[in-house]
Amino acid sequence: MIDVVYFAWVRERIGLPRERVETSATSVAGLIEELTAREDRYAAAFADLSALRVALDQELGSFDSSLAGVREVAFFPPMTGG
Amino acid sequence: MTVRVETQPFDIGAETNAFAAACDGAGAIVTFTGIVRDVSGGLIAMEIEHYPGMTERALTAIRDEAVTRWSLGGALIIHRYGRLAPGEQIMMVATAAPHRADAFAAAEFLMDFLKSRAPFWKKEITAVGATWVDSKRSDEDALQRWQGADSSKG
């Protein structure tokens, strides 16, 4: 089980801020593939990966990052702080 | 507290005075304050979302790097989230150093990293709807100048 959290328009498109996901994926890309196959709203959120960023246990990662030992994966658009 | 993520307004003067008092002996203090501005007209509010936990970690890491890189006497980051009206303060940074060049450079460094490496997202609310603010290529490019060789004397 892994916690998956969504922010900004990713959260709005998927329709929830956080969920626990049963996954056999070993990488972020694998997790995205599983989620995309679930429902259209996931497919819509993950349609353009260049518009997405990922964090693993609250550290920025990449789509080929391993999920080994990871408890929380976050998906969000590029950040706009300041 | 040298990193604060909060909803309530802050008093720039009081924060700057408290920061200066805590950085006794600094020859230079630079502060920057970001304000919600109504670029296209018709802005009702700016909603700022963040990633609790990761935000504090990212800001602390950015702050600690600035302190080390420029041997600062202190550095402060305050960033608000929630619903803000045009004209309200969004965030501030303050840096203290023996000389102004380091204080200015460190403040710019903090701002450049805050823009695209701190997990905040802005949404503009207008009478016709709400729009997420896109990240700017120029913000990403601004990080480049801090990469690689130590530019603290640059």
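The following paragraphs examine the structure supplied in this document.

## Some points on the pairing of strand 3 (residues 53-56) of chain A
Looking along a regular strand, one sees side chains alternate from face to face of the sheet.
All names here are of chain A.
Move 1: One ladder, built from 4 bridges, connects strand 3 with strand 5 (residues 72-76); its direction is antiparallel. Bridged to Leu-56 within strand 5 is Val-73.
Move 2: Two strands pair when backbone bridges link them, and strand 3 and strand 4 (residues 59-61) are joined in this way by 3 bridges, in the antiparallel orientation. Its bridge partner lying in strand 4, Val-54 is registered against Gly-61.

## Section: the layout of surface pockets
A water-sized probe rolled over the atoms picks out the places where empty space is left.
Residue and element names in this part refer to chain B.
Move 1: Put simply, the largest pocket is a space of about 490 Å³.
Move 2: Along the walls of the largest pocket sit 20 residues, with Arg-37, Met-46, Lys-115, Lys-122 and Lys-136 positioned nearest its centre.
Move 3: Of all the secondary-structure elements, those providing two or more residues to the lining of the largest pocket are strand 2 (28-35), helix 3 (100-117) and strand 7 (120-126).
Move 4: Looking at the lining of the largest pocket element by element, the count peaks at 3 residues for strand 2.
Move 5: Looking at the lining of the largest pocket residue by residue, the class counts come to 8 nonpolar, 5 polar and 7 charged.

## Description of the packing of helix 3 of chain B against helix 4 (residues 137-144) of chain B
A pair of packed helices can be characterised by two numbers: the angle between their axes and the separation between those axes.
Residues and elements named next belong to chain B.
Move 1: Where helix 3 meets helix 4, the axes come as close as 9 Å, and the angle between the chain directions of the two elements is 135°. In terms of their interaxial angle, helix 3 and helix 4 are classed as oblique. Read as a crossing pair, helix 3 and helix 4 show a hand that is left-handed. For the pair helix 3 and helix 4, the contacting residues are Asp-112, Phe-113, Lys-115, Ser-116 and Arg-117 in the first and Asp-139, Glu-140, Ala-142 and Leu-143 in the second.
Move 2: Taken together, the residues of the contact of helix 3 with helix 4 break down into 3 nonpolar, 1 polar and 5 charged.

Conventions and cut-offs
- Residues numbered from 1 in each chain as written.
- Chains lettered and ligands numbered in written order.
- Predicted model: local features only at pLDDT ≥ 70, side-chain atom pairs only at ≥ 80, totals over all residues.
- Heavy atoms only, no water.
- Pairing = 2+ DSSP bridges.
- Helix = DSSP H or I, 4+ residues; strand = E, 2+ residues; numbered from the N terminus.
- 1 Å grid on protein atoms, 1.4 Å probe; cavity = no way out; pocket = protein on both sides within 12 Å on 5 of 7 lines; lining within 4 Å.
- Points joined across faces, edges and corners; volume = space filled by probe spheres on them.
- Nonpolar A, V, L, I, M, F, W, Y, C, P; charged D, E, K, R; others polar.
- Axes fitted to C-alpha atoms, helices over the stretch in contact; angles between N-to-C directions.
- Parallel < 35°, antiparallel > 145°, perpendicular 65-115°, else oblique.
- Left-handed = near helix turned anticlockwise from the far one by under 90°.
- Contact = heavy atoms within 4.5 Å.

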